Amino acid sequence: MKAMTRKQLAIRADVTTKTLANWIRPYYDQLRAMGMRPYQILPPKVVEWLARQYGIDIEE
C-alpha cells in the first residue's frame, strides 16, 4: 500500500474529488486518528481503509 493524493484516489474510484470529500466527511475524526491531515497526501493506512470501505481498486 502506498500514499496517494486525494485526486489520485478519486481517479481510481472514478469519482470527483468533491465526491471523495463527501465520502470522507462522515469518517473525518476516525481518519484523522489514522494520520489523515488536511491538504496533505493521504497516508497508506487511510488509503487502504477508504479502498476497503468503498470497494476502490487501488492496485496498478
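Report on the accompanying structure. If you're wondering where the values come from, they're calculated on a predicted model, not measured in any experiment. Residue positions are given per chain, counting from 1 as you read along its sequence in written order. In keeping with the predicted nature of the model, local features appear solely for residues at pLDDT of at least 70, side-chain atom pairs appear and are counted solely at 80 or more, and the whole-chain, interface and lining totals rest on all residues. For side-chain calculations, the full set of non-hydrogen atoms in the structure is used, while hydrogens and water are omitted.

1. Quick notes on the packing of aromatic side chains
Phase 1 of the analysis: Only Phe, Tyr and Trp rings take part, Trp by its six-membered ring, and two of them pair if their centres are within 6.5 Å. Stacked means planes under 30 degrees apart, edge-to-face means over 60, and tilted covers everything else. By the definition in use, this model includes two aromatic pairs.
Phase 2 of the analysis: For the pair Trp 23 and Tyr 54, a centre-to-centre distance of 4.5 Å together with 15° between the ring planes defines the contact as stacked. Here Trp 23, found in helix α2 (residues 17-24), pairs with Tyr 54, found in helix α4 (residues 44-54); they are 31 residues apart in sequence, far enough to count as distant.
Phase 3 of the analysis: Accessible area is worked out with a 1.4 Å probe on protein chains only. A residue is then buried under 20% of its type maximum, exposed over 50%, and partly exposed in between. Residue class for Tyr 54 comes out partly exposed when judged on its relative accessible area of 27%.
Phase 4 of the analysis: Their ring planes at 65° and their centres at 4.9 Å tell us that Tyr 27 and Trp 49 sit as a pair that is edge-to-face. A residue pair is termed long-range when its members are at least 10 positions apart, and Tyr 27 in the loop between α2 and α3 (28-33) and Trp 49 in helix α4 qualify at 22 residues.
Phase 5 of the analysis: Classification of Tyr 27 as partly exposed rests on a relative accessible area of 26%. Only runs of H or I of at least four residues qualify as helices and only runs of E of at least two qualify as strands under DSSP, and these elements are numbered from the N terminus.

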